[in-house]
Amino acid sequence: MTEPTPASLADRVREGDVRFHELEEHADADTAAAARRRLVGETADADVDALGEYAFDAADAHGSNIENMVGAVQVPMGVAGPVAVDGGALSGERYLPMATTEGALVASINRGCSVVNDAGGATARVTKSGMTRAPVFRVADVAEAEALVSWVRDNEATLREAAESTTSHGELLDVTPYVVGNNVFLRFRYDTKDAMGMNMVTIATREACDAIEAETDASLVALSGNLCSDKKPAAINAVEGRGRSVSADVEIPREVVEERLHTTPESVAEINTRKNLVGSAKAGGLGFNAHVANAVAAMFLATGQDEAQVVEGANAITTAETTPDGDLYLSVSLASLEVGTVGGGTKLPTQAAGLDVLGVRGGGDPAGSNGDALAEAIAVGALAGELSLLAALGSRHLSSAHADLGR
């Protein structure tokens, strides 16, 4: 039998013999992607040949990372640093891998890393960990809602057994109930070790919900009731955390601030208060920072994280103050950083290389330590970015830097 070609496969789609999304059932994944490029380019009257340049095995990506694959988008990747990190899970000097198309971003964070090094390095710690999934149940009334809440509190061991029967790695940490009339939301929180864990906790929570429906009068309406809260701005993540809550800080001598950043500790602290704290409050923001999303997004893309979760990852507060000795203390606290070093996009070769740059690819020893280390690295990148931008505003160099590098 003749092996299908992109042209012959595309012809079969045009003739209605093969469906567009079923091409991998009739050819290898690379041929299927090439056939789709022909069809898409023809329909859109666009040159899509560049999408066919990629370094990963299309068969590995199909199904687990992408559907209807036509190729790949290449994003330039750079590094900032190396920067010295004193972390709970990450120690020593590390380059920070960053993928972005925004000129001046890596240069800015690199400058921040250099100044952090002059100050002796940054400290970082993960302070809380737990991936959440929050189903919503329908009950008859508030009396039945209270009965469900009581049952959950009395039977957490039953829920733990059911949830953990689906995974060899995840552990159910707790279940927090929330009642709104005849709606009961149960926020399940799990330790997912080195995995980001969304699929893991979804499957585990489904099993726990079956136990609830079998033992109570409640009816499951949706496995996700948005109190999780995934890929949406949410105050509950800012307060309670989701994924990993991680903080990083540094104390920078006055002379370093003045000589390297051309501003003063007082100026940086005032800008942070008036811009990041007061300005964000007036805007009704959830993130009280200058541009934490930049570092989070760039490092997410470079290390194979779920890019949509930058929404929660940018849920951060930056603080700045002058110490009694006249130096600058700067910190950034990311409340809900959802990262993993196994699963998802982390197994693709270029993303795996980004994790290798940090030395955190795969499962850690002990379990969860690589995920913690990645979170600490991202927090330090965010800290360096905050320092550099606040200083640029203090020295009034922001627009000139973008004029030189960002156009």
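As the structure is a computational prediction, the values presented were derived from the model and not from experiment. (Residues numbered from 1 in each chain as written. Predicted model: local features only at pLDDT ≥ 70, side-chain atom pairs only at ≥ 80, totals over all residues. Heavy atoms only, no water.)

### As for the overall build of the protein chain
For step 1, the next point in the chain: Scanning the protein chain from terminus to terminus reveals 15 helices and 10 strands.
For step 2, the next point in the chain: Along the first, second and third principal axes, the C-alpha set of the protein chain runs to 70 × 65 × 40 Å.
For step 3, the next point in the chain: Within the protein chain, the fraction of its 407 residues that count as buried is 48%.
For step 4, the next point in the chain: The contacts in the protein chain between residues at least 6 apart in sequence include a share of 71% that link residues at least 24 apart. (Helix = DSSP H or I, 4+ residues; strand = E, 2+ residues; numbered from the N terminus. Buried < 20%, exposed > 50% of the residue type's maximum accessible area, 1.4 Å probe, protein only. Contact = heavy atoms within 4.5 Å.)

### Focus: the domain arrangement of the protein chain
For step 1, the next point in the chain: When the domains of the protein chain are assigned, the result is domain 1 (24-74), domain 2 (77-129 + 244-406) and domain 3 (135-222).
For step 2, the next point in the chain: Put simply, the middle of domain 1 and the middle of domain 2, counted by C-alpha atoms, are 34 Å apart.
For step 3, the next point in the chain: Contacts between domain 1 and domain 2 engage six residues on the former and five residues on the latter.
For step 4, the next point in the chain: Contact with domain 2 buries surface across domain 1, with A55, F56 and N65 losing the most and accounting together for 76% of the total.
For step 5, the next point in the chain: There are zero salt bridges connecting domain 1 and domain 2.
For step 6, the next point in the chain: Here domain 1 and domain 2 share three residue pairs in polar contact (both at pLDDT 80 or more) between them.
For step 7, the next point in the chain: Classifying every residue of the side of domain 1 that touches domain 2 by side-chain character gives three nonpolar, two polar and one charged. (Domains from an automatic or database assignment. Buried area = accessible area lost by both parts, 1.4 Å probe. Salt bridge = Lys/Arg side-chain N within 4 Å of Asp/Glu carboxyl O. Polar contact = N/O pair within 3.5 Å; in protein donor to acceptor, adjacent residues only side chain to side chain. Nonpolar A, V, L, I, M, F, W, Y, C, P; charged D, E, K, R; others polar.)

### Examining the packing of aromatic side chains
For step 1, the next point in the chain: A full pass over the atoms with the stated rule returns two aromatic pairs.
For step 2, the next point in the chain: Aromatic pair Y54 and F56: ring centres 4.9 Å apart, planes at 25°, arrangement stacked.
For step 3, the next point in the chain: A relative accessible area of 22% means that Y54 is categorised as partly exposed.
For step 4, the next point in the chain: Ring plane angle 15° and centroid distance 6.4 Å describe the contact between F188 and Y190, whose orientation is recorded as stacked.
For step 5, the next point in the chain: Against the face of F20 rests R36, its NZ or CZ located 5.4 Å from the ring centre. (Phe/Tyr/Trp six-rings, centres within 6.5 Å; stacked < 30°, edge-to-face > 60°. Lys NZ or Arg CZ within 6 Å of the ring centre and 35° of its normal.)

### A word on the packing of helix α10 (residues 265-283) against helix α14 (residues 369-395)
A pair of packed helices can be characterised by two numbers: the angle between their axes and the separation between those axes.
For step 1, the next point in the chain: Contact geometry for α10 and α14: axes closest at 9 Å, N-to-C directions at 100°. Looking at the two axes, α10 sits roughly perpendicular to α14. Contacts between α10 and α14 pair S267, V268, I271, N272, K275 and N276 from the former with E386, L390, A391, L393 and G394 from the latter.
For step 2, the next point in the chain: Taken together, the residues of the contact of α10 with α14 sort by class into five nonpolar, four polar and two charged. (Axes fitted to C-alpha atoms, helices over the stretch in contact; angles between N-to-C directions. Parallel < 35°, antiparallel > 145°, perpendicular 65-115°, else oblique.)

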